[in-house]
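# A structural walkthrough
Residues per chain are reported as follows:
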Amino acid sequence: MACLLEAPLRISVLSEVTATSRHYVDRLFDPDPQKVLQGVIDMKNAVIGNNKQKANLIVLGAVPRLLYLLQQSSSSLELRTECAVVLGSLAMGTENNIKSLVDCHIIPALLQGLLCPDLIFIEACLRCLRTVFISPVTPVQLLYTDPTVIPHLMSLLSRSQRTQEYITQIFSHCCKTPEHQTVLFNHAAIQNIAPLLISPSYKVRMQALKCFSVLAYENTQVSMTLVNVLVDGELLSQVFVRMMQRDQPIEMQLTAAKCLTYMCRAGAIRTDDSCVVLKTLPCLVRMCSKEHLLEERVEGAETLAYLMEPDVELQRIASTTDHLVAMLADYFKYPSSVSAITDIKRLDHDLKHAHELRQAAFKLYASLGSNDEDIRKKITETENMMDRIVSGLSESSIKVRLAAVRCLHSLSRSVQQLRTSFHDHAVWKPLMKLLQNAPDEVLVMASSTLCNLLLEFSPSKEPILESGVIELLCTLTQSDSPALRVNGIWALMNMAFQADQKVKVEIVRCLGTEQLFRLLSDPDSNHIDQIMSSHGKQILQAVTLILEAEHSVEVKEQTLCILANIADGNTAKEILMTNDDMLQKIKYYMGHSNVKLQLAATFCISNLIWNEEDGSQERQDKLREMGFVDILHKLTQASDPNLCDRAKTAMQQYLA
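Residues numbered from 1 in each chain as written. Predicted model: local features only at pLDDT ≥ 70, side-chain atom pairs only at ≥ 80, totals over all residues. Heavy atoms only, no water.

### Some points on the overall build of the chain
Looking only at helices and strands, the chain has 43 helices and two strands in total. A compact globule built from 656 residues would reach a C-alpha radius of gyration of about 26 Å, whereas the chain, at 33 Å, exceeds it by more than 25%. Projecting the C-alpha coordinates of the chain onto the three principal axes gives extents of approximately 95 × 65 × 65 Å. Across the 656 residues that make up the chain, the buried fraction comes to 54%. (Helix = DSSP H or I, 4+ residues; strand = E, 2+ residues; numbered from the N terminus. Rg over C-alpha atoms; globule rule 2.2 N^0.38 Å. Buried < 20%, exposed > 50% of the residue type's maximum accessible area, 1.4 Å probe, protein only.)

Next up, the structure:
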């Protein structure tokens, strides 16, 4: 059956399917094997560089026949090899071609072909597999479906430089998740690929290097192993350092810098190691300069931002290296007016990369300014910087918006900037607009920034309050995202701090007692501490009223569960421990006739006396004096198995 393109066939396409194309396919069915071979060779020559011809042949059903011939043991090796070459050529066409090939199950057929001992045929199959797998439309999971494939590919690495190049390229494109990293690591990828870094072939060295960059990314196990690997008697990190030298191709310098960056971020190399401070960081700063291609500048800036994100010392060093802060301002000047006049092709290229450049610059500024006040000042004083950030918040590209708000968040940690640049440019307005409608990832960062703008010393606090933000923040506390709930609570807390009674009443009215209780039942204890810090007294009063009034067992059980959650927060524990009246109520319900209420009350005490937390000894001593240990001891004899177990667990905290 013919394997068709995804798009429906139209008359115009059919009219283009020439008699010549049909003739090529017909020859694949000739009973004479020699004529079939010649037909495949002629087809190979016809499709080189001809996308229309490739599409015609796919439409006419050439792919299933080529795959059939490739898999037949009766086909000569030469025929099978030529079939693999033609399939590889078809794969170099459009993405639709690749989809058609994948739909015709080309990958399992080619992987099966790798079991053949003939090297030339193996190389042809690998070349085609490489072309298919590097396409973004190919599901990479197809490489991992059969568990025998990866070990077999590892065994083929030693066959030739071509097998080394193709296999490492397949690995680097198909290693997308921590699970993929683990599979490759467990099949000795590091030991098998490390020697290829000193191969005489540049292509092999380069693909091996790319493999290590994807293996090490956010992977502590791989990075810790890499740091001890020797290649021809030299530590791997030193091999990477050599590859970053200025006389090496830019692609190699960048990828080696990525490897060392990922190893550093995974904790395998210290941030003050000379290979990071004196080699990797300067190499990445160098990549940001005007003399490099736009793509290289994007990659250099993003990798540098990632390298120094958690380390203030690296941020300080980078900020004084090669005028980096000023150099990044140039990232916002594409497409330039000159390119529009002189070269349409150049303009198209600049437009394509303009979003990526702005995104990379915002990311790098965010990383640079995340800790140091002087660096933040330097950033905001760079030409039109605040205007650029404000513009970035409303860009069409979601990635640029996210990077711009990250940059703003980084700068908003500065009291000085909140009082000056942020106020002068009314940053709160585009930020509020962004909060109305954005994906969660952007909302988290935007709401974090808003929290800072609502601090009592921020001049933006008043206009934000007047803009009707309370309702928006109360909505955030109902989000499915824990991070958004936390930010909503923090922002409301900052707003309530030293605010008029009117504002506080409006917050409580808008949030509602029910939502406050719901947040206290939240499994995330950060919320609990934040709410208890600002509303602890009122909440415990509400809990007391419920426990004292004539409510159903279900309501009281829920209220005791809220108390158990309060007892799980760090600050909240202490607030509860100073309220003797509430502790007496918990004690009363531990001795209640209803098992559900006994269970919930015992759970409260369990959280208060848990050994692994700060201050547990003092809490245990106070509760012993109040008679809780005697009650727990009695409950270990309870007839209800759940209550008995919970009491025993609590008693063990005293015995530990």
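Additional details are given in the paragraphs that follow.
### Re the nonpolar core
Side chains of nonpolar character tend, in soluble globular proteins, to be buried together. Residues Phe240 and Leu368 are the most contacted members of the largest nonpolar core, which totals 181 residues. In this structure leucine 368 touches Met308, Gln315, Ala318, Ser319, Leu324, Val325, Leu328, Ile375 and Ile379, once residues within four positions along its chain are discounted. By size, the runner-up hydrophobic cluster in this structure holds 38 residues, among which are Leu560, Ala572, Ile586 and Met651. (Core = buried A, V, L, I, M, F, W, Y, C linked by side-chain atoms within 4.5 Å. Contact = heavy atoms within 4.5 Å.)

### Observations concerning the layout of surface pockets
Approximately 1,400 Å³ is the volume attributed to the largest pocket. If you go around the largest pocket, you meet 45 residues; those closest to its centre are Tyr217, Tyr262, Glu302, Tyr306 and Lys363. Residue assignment for the lining of the largest pocket shows that the elements contributing at least two residues are helix H11 (161-174), helix H12 (178-186), helix H14 (202-216), helix H17 (250-265), helix H19 (294-308), helix H23 (344-368), helix H26 (398-411) and helix H30 (440-453). Its residues assigned to classes, the lining of the largest pocket shows 16 nonpolar, 14 polar and 15 charged. (1 Å grid on protein atoms, 1.4 Å probe; cavity = no way out; pocket = protein on both sides within 12 Å on 5 of 7 lines; lining within 4 Å. Points joined across faces, edges and corners; volume = space filled by probe spheres on them. Nonpolar A, V, L, I, M, F, W, Y, C, P; charged D, E, K, R; others polar.)

### Focus on the packing of helix H32 (residues 469-476) against helix H34 (residues 501-511)
A pair of packed helices is captured by two measures, namely the crossing angle of their axes and the spacing between those axes. Where H32 meets H34, the axes come as close as 9 Å, and the angle between the chain directions of the two elements is 40°. Comparing the axis directions of H32 and H34 gives the class oblique. In this structure, H32 meets H34 at a crossing whose hand is right-handed. In this structure, H32 uses Ile470, Glu471 and Cys474 to contact H34, whose residues at the interface are Val503, Glu506, Ile507, Cys510 and Leu511. Split into classes, the residues belonging to the contact of H32 with H34 amount to six nonpolar, no polar and two charged. (Axes fitted to C-alpha atoms, helices over the stretch in contact; angles between N-to-C directions. Parallel < 35°, antiparallel > 145°, perpendicular 65-115°, else oblique. Left-handed = near helix turned anticlockwise from the far one by under 90°.)

### Comments concerning the packing of aromatic side chains
For the coordinates displayed, the defined rule picks out six aromatic pairs. Relative to tyrosine 589, the ring of tyrosine 588 lies with its centre 4.9 Å away and its plane at 75°, an arrangement referred to as edge-to-face. Taken together, the ring pairs in this structure connect Tyr217, Tyr262 and Tyr306 into an aromatic cluster. Positioned above the aromatic ring of tyrosine 306 is the side chain of arginine 265, whose terminal nitrogen or guanidinium carbon lies 4.3 Å from the ring centre. Lying over the aromatic face of phenylalanine 603, arginine 646 brings its terminal NZ or CZ to 4.5 Å of the ring centre. (Phe/Tyr/Trp six-rings, centres within 6.5 Å; stacked < 30°, edge-to-face > 60°. Lys NZ or Arg CZ within 6 Å of the ring centre and 35° of its normal.)

### As for the UniProt feature "repeat: ARM" (unreviewed entry) in the chain
As recorded in UniProt, the sites labelled "repeat: ARM" (unreviewed entry) are residues 61-97. Helix and strand shares over residues 61-97 are 76% and 0% respectively, and the end C-alpha atoms of the span are 12 Å apart. (UniProt positions renumbered as here; feature names shortened; annotations may be inferred.)

### Examining unusual backbone geometry
Here asparagine 384, not a glycine, exhibits a phi torsion of approximately 50°, which is positive. As for its position among the elements, asparagine 384 is in the loop between helix H24 (373-380) and helix H25 (385-392). When its relative accessible area of 48% is taken as the criterion, asparagine 384 is described as partly exposed. The phi angle at alanine 426 is positive, at roughly 40°, despite the residue not being glycine.

### Quick look at the pattern of salt bridges
Where charged atoms from two side chains of opposite charge come close, those side chains can pair. Going through the model one piece at a time under the given rule, you end up with 21 salt bridges. Ionic pairing is found between glutamate 123 and arginine 162, a salt bridge with its closest N-O pair at 3.6 Å. Taken together, the residues span a long stretch of sequence, with glutamate 123 in helix H9 (residues 119-133) and arginine 162 in helix H11 at a distance of 39 residues. Overall, the relative accessible area of 8% leaves glutamate 123 in the buried class. In this structure, arginine 619 and glutamate 574 form a salt bridge, with 2.8 Å as the shortest nitrogen-oxygen distance. Of this pair, arginine 619 sits in helix H41 (residues 616-625) while glutamate 574 is found in helix H38 (residues 570-577), placing the two residues 45 residues apart along the sequence. Here glutamate 574 falls in the partly exposed class, since its relative accessible area comes to 39%. A network of salt bridges, in which partner residues are shared, links Lys290, Arg297 and Asp330. (Salt bridge = Lys/Arg side-chain N within 4 Å of Asp/Glu carboxyl O.)

### Side note on the environment of proline 282
One can find proline 282 in helix H18 (residues 274-287). Residue proline 282 is classed as partly exposed on the basis of its relative accessible area of 24%. Sequence spacing of proline 282 and lysine 573 is 291 residues, and the spatial spacing of their C-alpha atoms is 49 Å. Aside from chain neighbours lying at most four places away, what touches proline 282 is Val276 and Val277.

### Overview of the state of the cysteines
In total, this model carries zero disulfides according to the counting rule given. Summary of cysteine pairing: cysteine 407 is not part of a disulfide, and the nearest cysteine sulfur, belonging to cysteine 288, is at 14 Å. Judged by relative accessible area, which is 0%, cysteine 407 ranks as buried. We note that cysteine 644 lacks a disulfide partner, and the nearest cysteine sulfur, in cysteine 604, lies 19 Å from it. (Disulfide = S-S within 2.5 Å.)

### Here we look at H24
Think of an α-helix as 3.6 residues a turn; residues three or four steps apart then line up on the same face. Every buried residue of H24 is accounted for by Ile375, Arg376, Ile379 and Thr380. On an axial view of H24, the arc spanned by its buried residues comes to 130°, and they lie on one face. Its side-chain oxygen at 2.8 Å from the backbone nitrogen of aspartate 374, aspartate 372 defines the N-terminal cap of H24. (Arc of directions from axis to C-beta. Polar contact = N/O pair within 3.5 Å; in protein donor to acceptor, adjacent residues only side chain to side chain.)

### Things to note about the packing of helix H3 (residues 33-47) against helix H4 (residues 51-59)
With their axes 8 Å apart at the nearest point, H3 and H4 run at an angle of 135° to one another. As summarised for this structure, H3 and H4 are arranged oblique, according to the angle between their axes. Facing Met43, Ala46 and Val47 of H3, the residues of H4 in contact are Gln53, Lys54 and Leu57. Of the residues belonging to the contact of H3 with H4, the class tally is four nonpolar, one polar and one charged.

### Comments concerning the environment of alanine 46
Relative to the elements of secondary structure, alanine 46 occurs in helix H3. Classification of alanine 46 as buried rests on a relative accessible area of 17%. Excluding residues within four positions of it along the chain, alanine 46 makes contact with Tyr24 and Gln53.

### Comments concerning the confidence of the model for the chain
In the predicted model, the chain carries a mean pLDDT of 88, and 91% of its residues have values of at least 70. With pLDDT under 50 throughout, residues 4-16 is counted as low confidence; its partners more than four residues away or in other chains account for 13 contacts. (pLDDT = per-residue confidence, 0-100.)

### A closer look at the environment of leucine 547
Inspection of the secondary structure puts leucine 547 in helix H36 (residues 525-548). The class for leucine 547 is buried, based on a relative accessible area of 4%. Through-space distance from the C-alpha of leucine 547 to that of alanine 326 is 63 Å; in sequence the pair is 221 residues apart. When sequence neighbours within four positions are dropped, the list of residues in contact with leucine 547 reads Lys556, Thr559, Leu560, Leu563, Met582, Lys585 and Tyr589.

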